[in-house]
Structure formats: structure tokens, C-alpha cells
Amino acid sequence: MEYEAVIGMEVHVELNTKSKVFCGCSTNFHAPPNTNVCPVCLGMPGVLPVLNKAAVETSIAVGLALNCSISRWSKMDRKNYFYPDLAKNYQISQYDLPLCYDGFVEIETDNGPKRIGVTRAHLEEDTARNVHTIGSSESGVDFNRSGVPLLEIVTEPDIGSGQEAYEYLTGLKQTLQYLGASDCNMEEGSLRAEANISVRPTGSKEFGTKTEVKNVASFSGTQKAIAYEIERQIAVLKEGGVIVQETRGWDDRKNATVSQRSKESAHDYRYFPEPDLPPLQVDEAWEQSIRESLPELPHDRKQRFQEQYGLTPYDAGVLTAARPIADYYEAVLTAGGEAKPAANWVMGDLQALLTEARTEIQDCRVAPEHLAGMLQLIADGSISGKMAKEVLEEMFATGKSAKQLVEEKGLAQISDTAELESIALKVIEENPGPVADYKNGKDRALKFLMGQIMKATKGQGNPKLVNEILVRELNKH
Ligand SMILES: [Zn+2]
């Protein structure tokens, strides 16, 4: 029997507003424990929450970017449960009326584009963080995270493989970063992904028993965990076993999912409307003003790069993967760089330097105008592509312009025709053997003569010009 996988994802994203969602405390992640706190986010009795407008606007912007409808009327609800990281014993969330609903994210698959339905995106507050120190018998609770705005984005069970989950997460992260809605740092927990995975006989309409995989630290880890879990479930079923509904984690060293806790029944959170917050009303004008403020999104920008600059889908995809790269590339073009060479240098040598230095393009010392200047020097024959590699490395290290470096280092290519002609004539006179070989149709001799001229110019002869002059002079002999 053949099986197919059915996967839905829940992603929690911390929104990067300056202050928390129901109080004025800072959301700064790097503050010392329990310094960004007040009676509201510590969950003291009798305090009153006030909804952060920026958190609502950011949520709506994300919803619109994910092709969602925005609720004209929604509300906040209390989700009741007890845990040490939740001092007031309930989390303010949204239950039956989420702010955003019915959207989709388009991903690329081997069979073409595929839409992953977004069921809902709702606004809630993050909990505090339990801190367990290894080797200590005590645990602490850090309330800095308590009350940080969190958007929970839930998909339909439309994802069919680990690879599709990876594509979905990557596309979602790109969109969130383009919007400036979140830094999506998985290691710091500002993006947390959970996958609900089940398998069923191919073509069957019923869902199998699902397991939940959570707390994986990377997208590639999530992809591997899902792929593993699909295989594991199929193997259990083929042996006549049953799937246990449970939460599983990912063990990176074993390359396997491991059982964390069984989940025999759904919790009853006793949701009820939050009595201390009025209903949330979003009228059309407000929604429209947010829609108009949206930046160009990754998918659209990729399309435009192909049409406007004649880039391949692959190149356009790489250059628009992150907004800072796309912005940088367009700044190079604005400064006079040509589309295709600029794309090659940004994706190739510059990216390699950035990777090696573990730095981001927005912190790079090569100004877009300077890269454009370097491309200009290549285009007009002042430097060769090979020299340019050296120049770029220096630009990267010093922040100087290409022109300045070429002058300082005396790197400029010799494009003086008269000078090259006299060197070519000298080389021809000194090498009668190879010249005769060339006349007899031996192409290798031409390479040798070229090499002699380049040697005489200390590698600074403009290779294209040297070739032209050499062939011309040889034909005169
Ligand atoms: Zn607070």
C-alpha cells in the first residue's frame, strides 16, 4: 500500500514592536533577566491591559501579505492553563475570531507552484521563559519575554513533505523580513515552528493519527524531522502498528525524532472573551492605509527583476531572497552598474567575501556606488576581470573605491595601443619559431606569444586588445 503525508504547520512569530502588546515595557531581547517588566506583564491581580496599536497594524500587514482577509470585528480571549511561565494563569489570545483568516502562501515544487492555505493568523501575548541551568537544582523564570506580541500563523494541512515545509517556512520568513515584522531568529526563539504530521493511504479522505514535532532549531532541521517522521509512521503502519498521538522532538545527533510526551486528549482551555479589552474593530480605511504602506513583496520583486533586468528566475530568486540584498543590487544599478555583471558579482565574489567574513550585506564596506565603479572599470577595459577580483577584496577590506585602489596599486590594465604594439613586435621578432608554427596553423603558438606579451606587461596588458594587436601584427608578417 502506498501512503501520503498530510502536514499542517503552526508558526509563532514575535513581532518586533518597540513595546509589549499590553503594556509599555521594552521588547529588547538582550536585556538582563526581569528588567523589562511591570505589574501588567508580571500578571499581578487587578491590572488592566492596553492593546498596542503597532502590534495590530503589523499583524494586519502580515495578514495582507499572506493574502488573508482581515476581520472587521474580532476580539481577544483568555486561554486558561497553569504553567510557571504564565503568572496570571491565562494567556490573552484569540479564539474563534482571529484578526486574519483565509490566506495562502505560494511555494515552488518540482511539479510547479503550489498554494499552502493559511487558515488564520491571530495575535496573542508571549509567555515568560523558564530558564533551567544545567548542574543546578533550581530553575528561574525570566519575564522579559512575557507580553511580547506574538502572531500565530496556522496553515491548512496542505503540506505534503519535509521539502514543502522547508519552502513554506522560507517563503514565510522572507515575507516577514521584507515587512520588517520580525527578525525571525530561530535561535533566539523569535520564530518557532511546529508541524502536525500524519500519513494515510494515498487517495484516502480520512486523516491518520497525527504527531506534533516542535522545538526544532532550524528550517533544515524541521525538514529532516518531518521527512523522518513520515518514514517512521509509514513503517509503524506497515508492521500493523498504530500511531500514538504525541509530541516529538528532533535529536540532531541521532538524526531521529524522539517521543517527548503523549497527548491523549486535547486540553480544555476554557476560552472566554477577555473582559478587560474592547472588541477590535478594523474598518476598511484602516486596512486600506496599511495595504498601501506595504513594501514590494519578495514574489513580486522576483518577477520584476526578471522582467526589468532580464535576469534568470534563479538569479532573480537569489537576489530577492532577502530585502537587503535586493536593495543593494538595485543601488548598484542606480549607480550605473549593468544588470547582468552586477548580478554575477553580487551573487558570486561579493557573497563569497561576506560568507567568509560572516557578515551581512548591509554591514558590508563595499558601497554600491563603489561596486558600480568597479564594473565600469572592467567595462571600459581599465582592469581585467582577474584584477577586479583582487580589487574587490581590497575594497571589501578597506572601503576604498575601485578607482582609488587601482591608482594606488598601479593595477590599471595597459590599454595603450601604441605601447602594446611595440611590445608585440618585439615578442614577434624574438620568437621566430612560434611565429612560424602559428603560420602553419598551430593555435597553441598564439597562446605562447600572448603569454610572452602578458609577461612583458607584468600581466597588465588588456587581454582582448593584446589578442587583437598580436593577430594583426602576425598577419602582416
Ligand atoms: Zn510590562
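Because the structure is predicted, anything quoted here is derived from the model rather than measured.

(A) Layout of the sheet that holds strand S6 (residues 100–109). Pairing is mixed across the open sheet formed by 9 strands, whose spatial order is S2-S6-S7-S10-S1-S11-S12-S13-S14. The open sheet has two edge strands, strand S2 (69–70) and strand S14 (256–262), and neither has a second partner. Bridge count for strand S1 (residues 3–14) against strand S10 (residues 149–155) is 5 bridges, and the pairing is antiparallel. By the bridge assignment, Glu-10 is partnered in S10 with Val-154.

(B) Region of the structure containing the coordination of the zinc ion. Donor atoms from the polypeptide that bind the zinc ion are Cys-23 (SG), Cys-25 (SG), Cys-38 (SG) and Cys-41 (SG), placed at 2.3 to 2.4 Å. Counting along the primary sequence, the residues that act as donors to the zinc ion give the motif C-x1-C-x12-C-x2-C.

(C) Molecular detail of the nonpolar core. Counting 105 residues, the largest nonpolar core has Ile-153, Tyr-168, Tyr-329, Leu-350 and Met-374 as its most contacted members. Ranked by residue count, the leading element in this core is helix H8 (residues 339–357), at 8 residues. Here this core spans two domains, and each of domain 1 (3–285) and domain 2 (296–409) adds at least three residues to it. Those residues in contact with Met-374 that lie beyond four places of it in its chain are Trp-345, Ile-383, Ala-388, Val-391, Leu-392, Met-395 and Ala-402. Counting 19 residues, the second largest nonpolar core, distinct from the first, contains Leu-420, Ala-424, Met-454 and Ile-469.

(D) Structural detail: the pattern of salt bridges. Scanning the model with the defined rule gives 30 salt bridges in all. Here Glu-194 makes a salt bridge to Lys-214, at a shortest N to O gap of 4.0 Å. Remark: Lys-214 occurs in the loop between strand S12 (211–213) and helix H3 (219–238) and Glu-194 occurs in strand S11 (residues 191–201); sequence separation between them is 20 residues. For Glu-194, a relative accessible area of 13% puts it in the buried group. With a closest N to O distance of 3.2 Å, Lys-389 and Asp-349 form a salt bridge. Residue Lys-389 is found in helix H10 (residues 385–398), and its partner Asp-349 is found in helix H8; the two are separated by 40 residues along the sequence.

(E) Summary view of the domain arrangement of the protein chain. If you check the domain split of the protein chain, you get domain 1 (3–285), domain 2 (296–409) and domain 3 (417–476). Centre-to-centre, using C-alpha coordinates, domain 1 lies 37 Å away from domain 2. The junction of domain 1 with domain 2 conceals about 720 Å² of combined surface from both sides, 58% of it contributed by carbon and sulfur atoms. For the domain 1 face of the interface with domain 2, the top three residues by lost area are Glu-106, Gln-174 and Tyr-178, together amounting to 76%. Between the two partners, domain 1 and domain 2, sit 0 salt bridges. One can count 2 residue pairs in polar contact (both at pLDDT 80 or more) joining domain 1 with domain 2. If one sorts the elements of the side of domain 1 that touches domain 2 by residue count, helix H2 (residues 162–179) sits on top with 4 residues. Partitioned by chemical class, the residues of the side of domain 1 that touches domain 2 number 3 nonpolar, 2 polar and 1 charged.

Rules used throughout
- Residues numbered from 1 in each chain as written.
- Predicted model: local features only at pLDDT ≥ 70, side-chain atom pairs only at ≥ 80, totals over all residues.
- Heavy atoms only, no water.
- Pairing = 2+ DSSP bridges.
- Helix = DSSP H or I, 4+ residues; strand = E, 2+ residues; numbered from the N terminus.
- Donors = N, O, S within 2.8 Å, 3.2 Å for Na, K, Ca; no water.
- Core = buried A, V, L, I, M, F, W, Y, C linked by side-chain atoms within 4.5 Å.
- Buried < 20%, exposed > 50% of the residue type's maximum accessible area, 1.4 Å probe, protein only.
- Domains from an automatic or database assignment.
- Contact = heavy atoms within 4.5 Å.
- Salt bridge = Lys/Arg side-chain N within 4 Å of Asp/Glu carboxyl O.
- Buried area = accessible area lost by both parts, 1.4 Å probe.
- Polar contact = N/O pair within 3.5 Å; in protein donor to acceptor, adjacent residues only side chain to side chain.
- Nonpolar A, V, L, I, M, F, W, Y, C, P; charged D, E, K, R; others polar.

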